[in-house]
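Single-letter residue listing:
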Amino acid sequence: VATFIISTLSTLHPDALKALRILSCCGFHTDLAVLNLLEESNISSCHGICDCLQYLVDVGIIDIAGGLVAFTHDLIQQHVYESIDLTQRRELHFNIALFLGLKTSMNSTSIKAMSSIEDDFINLYVAESKTAEGPVISERSLLSIATDHVNLASPKFISELSRRKLFATWNLIVGKEMTARSNFGCALHYYEQGILFIGRGGWLDDGVTIHHQLCLDLYEGAADASLAVRNDSLVKYYTEVIFQNVPFEDSLPAWITLMTSLESSGQHKRILDTGLTLIQRLNIDVPKPQPSPVELMKTMSTTIQLMSNFDVDRIATSHSADRCKRNSFKIFIRTLVAAFSLSSPYLPHLTCEMVRYSLQNNFYGVESSVAFAGFAFFNIVMKNDYAEAKYWANIALEILNQWPPSSVTVRVNWMVYGLIIVWFVPLQETKRRLLETYQLGMKIGSFSTSMYPLCFCSRIALLEGENLSVLHQSNSRDLKTMTKYNLHCAKLSVLDMVMIDELRGIDSNTFSMFNGSFGNDEKDIIIDAQLKGDNYLLGYAYQRRFFSSFWAGDYGNAELYCRRVLSLPSAKTPVFQSIYFTFYRGLIGFLRFRDNESEEQYGIGLDAITKIEFWLQFSRSNFENKLYLLKAELEASMRNLDAASKLYEASVKSANDCGRVHEKGLAFEFMGNFLSSVADDPTGARACMKKSHACYLQWGALGKAAILREKYNLNDDALERDPTSSKHERHE
């Protein structure tokens, strides 16, 4: 049908064919309001276009519906458009763009301000006060359409520099509009088109500051949009052009963009080196090589003294800071996160310097909240003072509440809820807050940073015992998102998927699903982490193997990976998975003590009890069932049957009340193991193992259940669901 219609185009009335050519320049479809505006212009080709529309509808070439005029087939539009001479086509786009551009108040002013071109343009327009009949179109849409037309005219068609700068400005405006809508692919297109118009010579502005600023805005926009669409090579290109053409202070936003790009690909060592160099250039004291213990103690002592005189009321009154100070904080933020991943000695030093910088400059903008969140975490890592940490974490949140949401909001919420508040509230509440943080980040376009709270959400769900089948589905979906926006988080999350597969007793070929985006197997991730010095990723990879070995009952292998975890600097940094590492390690310690009466293993068990008892004061729901089970194992090691049995039962009840079916199964398993070693009648031990097996099935851990069934030769009746279990699946 399209071919037949195309063959009849030559028979159309000349006015209809002229109108059709204008329509083809507007694309497959265009707004009727735009055509009404074009009727007003002095562009001769546009006169009478609306009068021909009904005729073109009657012959089947176009349709009109809902205020839109559209071709009946894209081949018709393509044929008509390509039949127009290239020079004539560009001239049409150019004239349409100029007319529509002047119809927007934001651009009529900018055009008229450029006196060198005003006289050339004025004959193309009618009076601006004239109003088209029928549908109307917003200024923003009109400018976007005008910009599309001028881009189709192409910079090659427009030689005059003043005009090229004008059209570069249009592209910048529309690019920012697309950025505000989180349409970063389109934003990148407009920024790149603007760069084509301005050219590399735009940096040489002959003393006209606005032209230099226009270049900077376009290149910064292109770099940021490239970051959002995960094109790291373009980020590198656009930022390097900025570094070559602007003073150091003006280049800070570009450095921030480049560091964020490096962060998403896990290049933490490079970020740390870059950040330290930039911080030194900002005249902030950073010792090189890394700070000695004496320097650290001196810095921490000075910072603690400063913080002791801090007045919380300053937060509400001291918001202002110049652009350089705010950008300096953003450099600090990226450098701090890199130091955390590397478990670098610079971590406490940078934290203290951030706090001092904020206090000494009386700056409590949104960026300064990172300093207070970092100082809160510093109190846990260096002083084991959780109450003080909670206080400063709340100060960080109070600062955040003074400002609209931004990428800093996402990062600080992740730090506060995932690293500090997690010790004080039920883990499911932490997961809820982190999920809200992830959703906020995605809404405001902070895609890369949003992957950190999403990664933590998935890990909490796994370690807290949510149904593994449901987790496999949700994690597979989340992994695709992480692979798109933050490869470092994807590597962390794929390790959780490996553990889920092992617990379920299946192999879902997770690595092959992502075409080697993060290697072919877990060994590739470990090697990559070793090469990059990423102690956090390496530590979690070993910790994951420790967890899996524990659940498989392979305690010898678990001890091997335990030693590897403890050999890394990251082992000194308590994060929420440290709870489970301490818990499982303590259980293994008591079991191994009963096997070979090793005092060292007994001490490991006691140390776990001490830590869990300390954490219990902050959140009973997170730690109570774990403490009961550890104390039960302590009594079991002393052969105190009655005391041990009561504590096992208390652990079962507490785990059941909290919905932790996996830890309920664990309590039954350890209780059965103890009873089988001390009781003449194996009935009680066997009953515990059957209940444990039922809990593991309810958890979805078919692989773990199979290990238990084979080890203890359980009958088929063990497959029945445990009737005392509370509902544990916590769906979103």
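As a reminder, the structure under discussion sits directly above these lines.
Calculation criteria
Residues numbered from 1 in each chain as written. Predicted model: local features only at pLDDT ≥ 70, side-chain atom pairs only at ≥ 80, totals over all residues. Heavy atoms only, no water. Helix = DSSP H or I, 4+ residues; strand = E, 2+ residues; numbered from the N terminus. Buried < 20%, exposed > 50% of the residue type's maximum accessible area, 1.4 Å probe, protein only. Contact = heavy atoms within 4.5 Å. Areas by Shrake-Rupley, 256 points an atom, 1.4 Å probe, with all protein chains shown as cover. Core = buried A, V, L, I, M, F, W, Y, C linked by side-chain atoms within 4.5 Å. Pairing = 2+ DSSP bridges. Polar contact = N/O pair within 3.5 Å; in protein donor to acceptor, adjacent residues only side chain to side chain. Axes fitted to C-alpha atoms, helices over the stretch in contact; angles between N-to-C directions. Expected span 1.5 Å × (residues − 1). Salt bridge = Lys/Arg side-chain N within 4 Å of Asp/Glu carboxyl O. Phe/Tyr/Trp six-rings, centres within 6.5 Å; stacked < 30°, edge-to-face > 60°. Lys NZ or Arg CZ within 6 Å of the ring centre and 35° of its normal.

Enquirer: What should I look at first to understand the overall build of the protein chain in this one?
Expert: The number of helices and strands found in the protein chain is 37 helices and three strands. Within the protein chain, the proportion of its 732 residues that are buried is 58%. Considering only residue pairs separated by 6 or more positions, the protein chain has 71% of its internal contacts joining residues 24 or more positions apart. Surface accessibility of the protein chain: about 30000 Å² in total, with carbon and sulfur atoms responsible for 51%.

Enquirer: I keep staring at the nonpolar core and nothing clicks. Help me out?
Expert: Nonpolar side chains in soluble globular proteins tend to be buried together. Counting residues in each nonpolar core, the largest one holds 177 residues, and the members touching the most others are Phe372 and Leu666. Aside from chain neighbours lying at most four places away, what touches Leu666 is Phe550, Trp551, Phe583, Tyr584, Leu587, Leu629 and Tyr696. If you look at the next biggest cluster of nonpolar residues, it comprises 67 residues, including Ile84, Ile96, Ile195 and Val241.

Enquirer: Honestly, the pairing of strand β3 (residues 68-71) in this entry has me stumped. Any pointers?
Expert: Regular strands place their side chains on alternate faces of the sheet. One ladder, built from three bridges, connects strand β1 (residues 29-31) with β3; its direction is antiparallel. Across the sheet, residue His29 finds its bridge partner in β3, namely Ala70. Relative to β3, strand β2 (residues 62-65) runs antiparallel, the two sharing four bridges. Residue pairing in the sheet places Ala65 in a bridge with Leu68 of β3.

Enquirer: It is not clear to me how the side chain of Ser570 should be interpreted in this structure. Could you clarify?
Expert: Within the fold, Ser570 resides in the loop between α30 (555-566) and α31 (577-596). Those residues in contact with Ser570 that lie beyond four places of it in its chain are Ser343, Asn535, Tyr536 and Gly539.

Enquirer: Please clarify how the side chain of Glu263 should be interpreted in this entry.
Expert: By the secondary structure assignment, Glu263 is in helix α14 (residues 252-264). Exposure remark for Glu263: the relative accessible area of 1% places this residue in the buried category. In terms of polar contacts, Glu263 uses its side chain to reach the side chain of Arg411, at 2.9 Å.

Enquirer: What's the story with unusual backbone geometry in this structure? I'm lost.
Expert: Trans is the common state for peptide bonds, and a negative phi is the common state for residues other than glycine. Even without being glycine, Ser154 reaches a positive phi, approximately 75°. Tracing the backbone shows Ser154 in the loop between α9 (139-153) and α10 (161-180). On the basis of relative accessible area, Ser154 is assigned to the buried category, the value being 11%. Phi at Ser182 takes a positive value of approximately 65°, unusual for a residue other than glycine.

Enquirer: Just checking my understanding: could you explain the sheet that holds β2 for this structure?
Expert: By definition, the strands of a sheet pair up through backbone hydrogen bonds, in either a parallel or an antiparallel sense. One open sheet holds the three strands; their spatial order is β1-β3-β2, and the pairing between them is antiparallel. With one partner strand each, in any of the chains shown, β1 and β2 form the two edges of the open sheet. Looking at each pair of strands side by side, their axes are set apart by 20° on average, direction ignored. Where helix α2 (residues 14-25) meets the sheet, it contacts β1, β2 and β3, and its direction lies at approximately 100° from that of β3. Strands in contact with helix α3 (residues 32-40) are β1 and β3; relative to β1, the strand with the most contacts, it is inclined by about 70°.

Enquirer: Just checking my understanding: could you explain the environment of Leu143 for this structure?
Expert: Relative to the assigned elements, Leu143 resides in helix α9. For Leu143, a relative accessible area of 1% translates into the label buried. Sequence separation between Leu143 and Asn171 is 28 residues, and the spatial gap between their C-alpha atoms is 9.2 Å.

Enquirer: In this structure, what is going on with helix α25 (residues 468-485)? I would like to understand it.
Expert: Compared with the 26 Å implied by 1.5 Å per residue over 18 residues, the 25 Å span of α25 between its first and last C-alpha is a close match. For α25, every residue scored as buried is listed here: Leu468, Leu471, His472, Ser474, Asn475, Ser476, Asp478, Leu479, Thr481, Met482, Thr483 and Tyr485.

Enquirer: How should I be thinking about the pattern of salt bridges in this particular structure?
Expert: A pair can form between side chains of opposite charge whenever their charged atoms are brought close. Counting across every chain of the model gives 28 salt bridges. Between Asp232 and Arg230 there is a salt bridge; the shortest N-O distance is 2.7 Å. Judged by its relative accessible area of 24%, Asp232 falls in the partly exposed class. Residues joined by salt bridges that share partners form a network here, namely Glu429, Arg432, Arg433 and Glu436.

Enquirer: How do you make sense of the packing of aromatic side chains when you look at a structure like this?
Expert: The description of an aromatic ring pair rests on the distance of the ring centres and on the angle between the ring planes. The full count for this structure, using the stated rule, is 45 aromatic pairs. Relative to Tyr536, the ring of Phe340 lies with its centre 5.4 Å away and its plane at 40°, an arrangement referred to as tilted. Residue Phe340 is found in helix α18 (residues 323-342), and its partner Tyr536 is found in helix α29 (residues 535-551); the two are separated by 196 residues along the sequence. Considering the side-chain rings of Phe550 and Trp551, the 5.5 Å spacing of their centres and the 75° angle between planes classify their relative orientation as edge-to-face. Among the aromatic residues, ring-to-ring pairing joins Phe546, Phe547, Phe550, Trp551, Tyr555, Tyr580, Phe581, Phe583, Tyr584, Phe670, Tyr696 and Trp699 into one connected group. Over the ring of Trp403 we find Arg326; its NZ or CZ atom is 5.7 Å from the centre of that ring. In this structure, Lys626 is placed above the aromatic ring of Phe583, and the distance from its NZ or CZ to the ring centre is 6.0 Å.

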